[in-house]
Amino acid sequence: MIEATSCGGVVIFRGKILVLYKNYKNKYEGWVLPKGTVEHGEDFKETAVREVLEETGVKASIIKYIGMSQYSFTIPEDTVTKQVHWYLMMADSYYSKPQREEFFMDSGYYKYHEAYHLLKFSNERQILEKAYEEYQDMKRNSQWGTYSYK
């Protein structure tokens with residue numbers, strides 16, 4: 001078994017959530033949250049910020065840690081068990097540009113219920129739900145945009 005660790009973000013700008021559409025040779029098609037593999041020497045927060053920027057072109061800042069999801073998948077040689085650490089993040093604009101080299105064909109900001117139904121994986125829907133609740137709590141308490149995770 002291979003163990004892998006990734007980090008990603010639930011990126012919000014003006015109440016809308018950033019999602020990506022991936023299409024790999026028509027085998028994999030679906031909307032996902034931005035995430036990627038931790039590189040040597042990086043901490044999880046650095047990975048999340050870098051991956052969001054690489055995959056979407058979005059400069060986002062971390063607001064707080066949301067939690068971890070875990071799943072397994074099979075590759076020809078082995079089974080991969082992956083842990084993904086998620087952060088609630090705030091973007092500075094609606095701009096996004098999908099990373100074509102990683103087979104992302106589209107990206108954009110969607111209302112919560114739209115993003116929720118677009119997402120392909122149930123574990124990402126659960127993380128989105130948790131992150132959006134945090135976002136709403138922070139907005140209600142006038143904390144959104146005034147606090148950043150250390």
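First things first, this report covers the structure right here in the doc. Small disclaimer: the values here were computed from a predicted structure and weren't measured. (Residues numbered from 1 in each chain as written. Predicted model: local features only at pLDDT ≥ 70, side-chain atom pairs only at ≥ 80, totals over all residues. Heavy atoms only, no water.)

### Examining the packing of aromatic side chains
Now for step 1: Inspection of every chain in the model, using the stated rule, returns twelve aromatic pairs.
Now for step 2: Ring pairs connect the aromatic residues Tyr112, Tyr116, Tyr132, Tyr135 and Trp144, which therefore count as one cluster. (Phe/Tyr/Trp six-rings, centres within 6.5 Å; stacked < 30°, edge-to-face > 60°.)

### Considerations on the layout of surface pockets
If you roll a probe as big as a water molecule over the atoms, it shows you where there is empty space left.
Now for step 1: Put simply, the largest pocket is a space of about 600 Å³.
Now for step 2: Breaking the lining of the largest pocket down by element, the ones donating at least two residues are β2 (16-24), β3 (28-32), β4 (35-37), α1 (44-56), β5 (60-75) and α3 (122-140).
Now for step 3: Residues that form the lining of the largest pocket fall into these classes: eight nonpolar, four polar and eight charged. (1 Å grid on protein atoms, 1.4 Å probe; cavity = no way out; pocket = protein on both sides within 12 Å on 5 of 7 lines; lining within 4 Å. Points joined across faces, edges and corners; volume = space filled by probe spheres on them. Helix = DSSP H or I, 4+ residues; strand = E, 2+ residues; numbered from the N terminus. Nonpolar A, V, L, I, M, F, W, Y, C, P; charged D, E, K, R; others polar.)

### So, the pairing of strand β1 (residues 2-13)
Now for step 1: Taken together, the eleven bridges between β1 and strand β6 (residues 78-91) define a ladder with parallel strand orientation. If you follow Glu3 over to β6, its bridge partner there is Thr81.
Now for step 2: Across three bridges, the pairing between β1 and β4 is antiparallel. Paired with Cys7 across the strands is Gly36, a residue of β4.
Now for step 3: Examined bridge by bridge, β1 and β2 share two bridges and lie antiparallel to one another. Bridge pairing in β2 places Ile12 opposite Ile17.
Now for step 4: Counting the residues between successive antiparallel strands, the hairpin from β1 to β2 contains two residues, one of them, Arg14, with a positive phi of roughly 50°. (Pairing = 2+ DSSP bridges.)

### A word on the pattern of salt bridges
Now for step 1: Considering all chains together, one arrives at seven salt bridges under this definition.
Now for step 2: Across the pair Glu124 and Lys35 runs a salt bridge, and its minimum N-O distance is 2.8 Å. Of this pair, Glu124 sits in helix α3 while Lys35 sits in strand β4, placing them 89 residues apart in sequence. Like Glu124, the residue Lys35 is buried in the burial classification.
Now for step 3: Where Glu39 meets Arg50, a salt bridge forms, and the shortest distance between an N and an O atom there is 3.5 Å. Highlighted residues: Glu39 in the loop between β4 and α1 and Arg50 in helix α1, separated in sequence by eleven residues.
Now for step 4: Residue Glu39 is classed as partly exposed on the basis of its relative accessible area, which comes to 44%.
Now for step 5: Arg50 gets classed as buried once you look at its relative accessible area, which sits at 15%.
Now for step 6: Connected through shared salt-bridge partners, Glu39, Glu42, Arg50, Glu51 and Glu54 make up one network. (Salt bridge = Lys/Arg side-chain N within 4 Å of Asp/Glu carboxyl O. Buried < 20%, exposed > 50% of the residue type's maximum accessible area, 1.4 Å probe, protein only.)

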